[in-house]
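# Topology and contacts: notes
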Amino acid sequence: MKTRNDSNAFMFDAIVLGSGAAGLNAALQLSLRGVRSVALVSEGLQMGTSINTGSDKQTYYKIGMSGKNPDSNYLMAQSLYDGFSMHGDIALVEASLSARAFLNLHSLGIRFPSDPYGQFAAYKTDHDPVGRASSVGPYTSREICRFLIEELKRREVKIFEGRLAVALLTLDENEKKRSAGLLALNMSETASGGKKLKFETFISKDLVFAVGGPGGLYKRSVYPHVHTGSIGLALMAGAGAQNLCESQFGMASTKFRWNVSGSYMQAVPSFLSVGKDGGDRREFLLDYFKSPERVCDMTFLKGYQWPFDSRKIPAGSSMIDILVHVETEIKGRRVFLDFKSNPHGFDAAKISDEARSYLMKSGALASSPVERLMAINPAAISLYMEHGINLFQDELGIAVCAQHNNGGLSGDTWWESPDLSHFYPVGEVNGSHGVYRPGGAALNAGQVGAFRAAEHISRKDNTSAFNADLALKIASDKIQELREWIAKSRNRRDWRSERSEFQDRMSSHAAHIRSESGLCAARDAAWEQFRRIKLEGHAIESEEDAAESLRNIQLCFAHAVYLDAISFAVESGVGSRGSAIVLSEKDGDQIDADLLKEWRIQNCNPLFLEQVLETKFSDGSAQIRHGWVPRRPIPESDLWFETLLKSISANVQ
Ligand SMILES: Cc1cc2nc3c(=O)[nH]c(=O)nc-3n(C[C@H](O)[C@H](O)[C@H](O)COP(=O)(O)OP(=O)(O)OC[C@H]3O[C@@H](n4cnc5c(N)ncnc54)[C@H](O)[C@@H]3O)c2cc1C
């Protein structure tokens, strides 16, 4: 298919939307596999989560390739599958392609640590039974992006930056919907002042959808500010989703968004709660843990156990997240980490053997937390320094934040949407993970998904009729509809105020502490807000307002779908699992007789651990449907070499 550039319409064989680690690799793999005309469309190469975030030691999870411990695709698949509610066939693909995906990054020049014999060093990450993790430091995903961008430029893959996709185009085909491309706003022209919104149409037979996680849905969020995500576009277009109820939450600094995991906790700082006016400063963990030693041990453990985990309460380290939540969300106070002073009663001789031995081995038995942090990981201090925060002097404001969505859009074993053919959700927007996942599995899944989608697109018989003219006609009608929607806006509230409303709602009801009654009310309010925005638009004073208004409609829709799915899950009785607990007025265990006496926490219902929650919106009937399906087991595969060799020649593999 030729590139066409008339009246702002472009045509390609395949388009990748989104330039995070996943989208960039998808574009590269499509180009390497000889797909003739490929384009990458994105808000910008410096946008998204991958290039703007990291963590203490940002992790990539891959199959074991070093040392004396044996590993295999099946063993790794089992570790992924052990996270529950994940399909076994997807786990096997993510495991089987992990070596290929990792070595691809290595061959692009990313220097994952290896020994003189070429073995890649690995360490144990959370939910990892054997030690498969690798990293290049705090900015692994940023390095991945930088090397992939360089390679795409070298290969002269066409890149459209400054584009905000505002709608997906679909056609009916064989009683099913198929993807036909997308509509975007050219933001560079919009930002350059006062002109009419410039819509562009991108028509393609295949669309790789790599728009990242739902960063713009939560107020308390460690996703970078620049990243909002666009899962709402696909949900509106009829792509099904799964496990939307499973996300990961954890403590993060809020002024500069960064997880306070690993060494930040191992240095054992003190936790301060401060009143709104800056007065009434007090350490609050002691109220619950009772002894200073326990406060220090739990703080240290939080380093290894960063995401909030419903299994680690009431006795474990996740109680810290709950106590922080109580201070910030219920009492309306602010919480700070203070690295200048030790927690009350800190005594290195009295902390757990594990903590003492770690601090001793790291030469970090110094007298203050910041000195200990300096000894463990000086980069952790300079990172904040680069963002104007001096841990030697400043206290670090924190909250429990949304970090990752394990669920997302559904995909088959080639990452193609079962509901929308020719549409491939890859990266975080693909909800391949279950309740728990090993740290680093997100980056692996994104790279693997990119390989699978590219292989599928490049191999399939794409000679069937594709009605590009009809797609263009649908695009032009849609542009007209969107222009009219903007023109007739009569809402007094602008997009910022509407966005803040749904972000607040998500953080209050759909984060790590949930309740059936709260969710039910939040779900109703969410749909009401969506209907109101659809009817009234937003107050618009500039072209930028109009663009953000279009972004808001899909974000608002997505938040309503998430709340709908989460309330369905809680009403079904899933109970507390993964990174969320469910409070109940009727049943459940009390956490603490004194401190949180009104809190009763529902237990996890094991029946749902073997199932996947599916969600689908049908715009025809304007209805949303949820249902539990049994998860598929890890398949036994026929690896008989001669059979597979024959299938390669017949190209039927
Ligand atoms: C603080 C933090 C720490 C993390 N640590 C780890 C870790 O250690 N290990 C791990 O595996 N994972 C980690 N993750 C998760 C991981 O970083 C992300 O899941 C991953 O980077 C997402 O990559 P992606 O390519 O799917 O999306 P992104 O990198 O978010 O890219 C999305 C792209 O889509 C574009 N886009 C979105 N909407 C539109 C639109 N409408 N129009 C045009 N373009 C659009 C964006 O601009 C961007 O280019 C962490 C996440 C956070 C926030």
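Residues numbered from 1 in each chain as written. Predicted model: local features only at pLDDT ≥ 70, side-chain atom pairs only at ≥ 80, totals over all residues. Heavy atoms only, no water.

### Details of helix α3 (residues 88–96)
Most of α3 sits inside the fold, with eight of its nine residues counted as buried. Those residues of α3 lying buried are Gly88, Asp89, Ile90, Ala91, Leu92, Val93, Glu94 and Ala95. In the core, the buried residues of α3 are packed alongside α2 (73–81), α4 (98–108) and α15 (441–459). (Buried < 20%, exposed > 50% of the residue type's maximum accessible area, 1.4 Å probe, protein only. Helix = DSSP H or I, 4+ residues; strand = E, 2+ residues; numbered from the N terminus. Contact = heavy atoms within 4.5 Å.)

### Thoughts on the domain arrangement of the protein
On domain assignment, one finds that the protein holds domain 1 (248–403) and domain 2 (492–604). Each of domain 1 and domain 2 was reduced to a C-alpha centroid, and the two centroids are 28 Å apart. At the interface, 18 residues of domain 1 touch 18 residues of domain 2. With both sides pooled, the region where domain 1 packs onto domain 2 buries about 1300 Å², and carbon together with sulfur makes up 72% of that total. Sorting the residues of domain 1 by area buried against domain 2 places Phe249, Phe308 and Ser310 first, and these three jointly supply 35% of that buried surface. Taken together, the links from domain 1 to domain 2 amount to zero salt bridges. At the junction of domain 1 and domain 2, the tally comes to four residue pairs in polar contact (both at pLDDT 80 or more). (Domains from an automatic or database assignment. Buried area = accessible area lost by both parts, 1.4 Å probe. Salt bridge = Lys/Arg side-chain N within 4 Å of Asp/Glu carboxyl O. Polar contact = N/O pair within 3.5 Å; in protein donor to acceptor, adjacent residues only side chain to side chain.)

### Focus on the layout of surface pockets
Reported here for the second largest pocket is a volume of approximately 860 Å³. As for the second largest pocket, its lining consists of 28 residues, of which Met236, Lys478, Glu481, Lys534 and Asp619 are closest to the centre. At the level of secondary structure, the elements contributing two or more residues to the lining of the second largest pocket comprise β6 (163–173), α7 (231–236), α16 (468–487), α18 (516–536) and α19 (543–572). A class-by-class count of the residues in the lining of the second largest pocket yields 18 nonpolar, one polar and nine charged. (1 Å grid on protein atoms, 1.4 Å probe; cavity = no way out; pocket = protein on both sides within 12 Å on 5 of 7 lines; lining within 4 Å. Points joined across faces, edges and corners; volume = space filled by probe spheres on them. Nonpolar A, V, L, I, M, F, W, Y, C, P; charged D, E, K, R; others polar.)

### Some remarks on a nonpolar patch on the surface
Nonpolar side chains collect at one region of the surface, where Met374, Met385 and Phe392 lie side by side and expose about 280 Å² of accessible area between them. Structurally, methionine 374 is set in helix α13 (residues 369–376). (Patch = residues over 30% accessible without salt bridge, like charges linked within 9 Å, V, L, I, M, F, W, Y side chains within 5 Å. Areas by Shrake-Rupley, 256 points an atom, 1.4 Å probe, with all protein chains shown as cover.)

### Here's the deal with helix α17 (residues 495–509)
Compared with the 21 Å implied by 1.5 Å per residue over 15 residues, the 21 Å span of α17 between its first and last C-alpha is a close match. Among all positions in α17, only Trp495, Glu498, Arg499, Phe502, Gln503, Arg505, Met506 and Ser507 are buried. Two or three places before arginine 496, at the opening of α17, aspartate 494 has a side-chain oxygen 3.2 Å from that residue's backbone nitrogen. (Expected span 1.5 Å × (residues − 1).)

### Some points on the pattern of salt bridges
Within this structure, the stated rule accounts for 41 salt bridges. One salt bridge connects glutamate 481 with lysine 478, and the closest N-O pair in it is separated by 3.2 Å. Of this pair, glutamate 481 and lysine 478 both sit in helix α16, three residues apart, roughly one helical turn. The shortest N-O distance in the salt bridge between glutamate 498 and arginine 493 comes to 3.8 Å. Given the relative accessible area of 0%, glutamate 498 is considered buried.

### What to know about the site of the ligand
What surrounds the ligand is a group of 35 residues, the closest being Glu43, Ser50, Ala165, Ser230 and Glu428. Serine 50 places a side-chain nitrogen or oxygen 2.4 Å from an oxygen atom of the ligand. One of the backbone N or O atoms of leucine 443 is found 2.8 Å from an oxygen atom in the ligand. Expressed as a share of its isolated accessible area of 1000 Å², the protein-covered part of the ligand is 98%. (Near = heavy atom within 4 Å.)

### Brief notes about the nonpolar core
Note that soluble globular proteins tend to have their nonpolar side chains buried in a common cluster. Core analysis: the biggest nonpolar cluster contains 141 residues, and Phe209, Met251, Tyr264, Phe271, Ile322, Tyr384 and Leu409 have the highest contact counts within it. Mapped onto the domain boundaries, this core takes at least three residues apiece from domain 1 (248–403) and domain 2 (492–604). If we ignore the near neighbours within four places in the chain, the residues touching tyrosine 384 are Ser253, Phe256, Trp258, Val260, Tyr264, Ile389, Leu391 and Leu396. (Core = buried A, V, L, I, M, F, W, Y, C linked by side-chain atoms within 4.5 Å.)

### Here's the deal with the environment of methionine 374
Taking relative accessible area as the criterion, methionine 374 reaches 41% and is therefore assigned partly exposed. Sequence-wise, methionine 374 and alanine 267 are 107 residues apart; in three dimensions their C-alpha atoms are separated by 8.8 Å.

### Structural notes on the packing of α17 against α19
Running from amino to carboxyl end, α17 crosses α19 at an angle of 20°, the nearest separation of the two axes being 9 Å. As summarised for this structure, α17 and α19 are arranged roughly parallel, according to the angle between their axes. Along this stretch, α17 crosses α19, giving a crossing that reads as left-handed. For the pair formed by α17 and α19, the contact residues are Trp495, Arg496, Glu498, Arg499, Phe502, Arg505, Met506 and His509 on the first element and Glu544, Asp545, Glu548, Ser549, Arg551, Asn552, Leu555, Cys556, His559, Tyr562 and Leu563 on the second. Looking at the contact of α17 with α19, its residues break down into seven nonpolar, four polar and eight charged. (Axes fitted to C-alpha atoms, helices over the stretch in contact; angles between N-to-C directions. Parallel < 35°, antiparallel > 145°, perpendicular 65-115°, else oblique. Left-handed = near helix turned anticlockwise from the far one by under 90°.)

### Brief notes about the pairing of strand β15 (residues 396–405)
Counting buried positions along β15 gives eight out of ten residues, so the element sits mostly inside the fold. Across seven bridges, the pairing between strand β10 (residues 247–253) and β15 is antiparallel. Opposite phenylalanine 249, over in β15, you have alanine 402 as the bridge partner. (Pairing = 2+ DSSP bridges.)

### Concerning the environment of glycine 363
When you line up the elements, glycine 363 lands in the loop between α12 (353–361) and α13. Judged by relative accessible area, glycine 363 falls into the exposed class, the value being 56%. For the pair glycine 363 and isoleucine 398, spaced 35 residues apart in sequence, the C-alpha to C-alpha distance is 27 Å.

### Here's the deal with the sheet that holds β10
Judged by pairing direction, the sheet is antiparallel, and its six strands sit side by side in the order β11-β10-β15-β14-β12-β13 without closing on themselves. Each edge of the open sheet is held by one strand with a lone partner, namely β11 (258–259) and β13 (282–283). Alignment of strand β12 (residues 270–274) against β13, held across two bridges, turns out to be antiparallel. What sits directly across from leucine 272, in β13, is glutamate 283. Sheet contacts for helix α11 (residues 319–330): β10, β12, β14 (334–338) and β15; angle to β15, the most-contacted strand, approximately 115°.

### Quick look at the side chain of serine 135
Structurally, serine 135 can be placed in the loop between β4 (133–134) and α5 (140–154). Assessed through its relative accessible area of 6%, serine 135 is described here as buried. A polar contact is formed between the side chain of serine 135 and the backbone oxygen of glutamine 58, at a distance of 2.8 Å. A distance of 3.4 Å separates the side chain of serine 135 from the side chain of threonine 140, its partner in a polar contact.

### A few points about the packing of aromatic side chains
Tallying each qualifying case throughout the model produces 24 aromatic pairs. Relative to phenylalanine 202, the ring of phenylalanine 10 lies with its centre 5.1 Å away and its plane at 20°, an arrangement referred to as stacked. Of this pair, phenylalanine 10 sits in strand β1 (residues 9–17) while phenylalanine 202 sits in strand β8 (residues 199–209), placing them 192 residues apart in sequence. There is no split in this pair, since phenylalanine 10 and phenylalanine 202 are both buried. Where phenylalanine 209 meets phenylalanine 423, the ring centres are 5.0 Å apart and the plane angle is 40°; that geometry is what we call tilted. Of the two residues, phenylalanine 209 sits in strand β8 while phenylalanine 423 sits in strand β18 (residues 423–425), which places them 214 residues apart along the sequence. (Phe/Tyr/Trp six-rings, centres within 6.5 Å; stacked < 30°, edge-to-face > 60°.)

### Some thoughts on the sheet that holds strand β23 (residues 611–618)
With antiparallel pairing, four strands are arranged side by side in an open sheet as β16-β9-β23-β24. Two strands in the sheet have a free side with no partner beyond their single neighbour: β16 (408–409) and β24 (623–630). Bridging between β23 and β24 involves eight bridges; their strand directions are antiparallel. Each residue of the ladder has a partner; that of serine 618, found in β24, is glutamine 623. Contacts from α19 reach β23 and β24, with the element oriented near 45° to β24.

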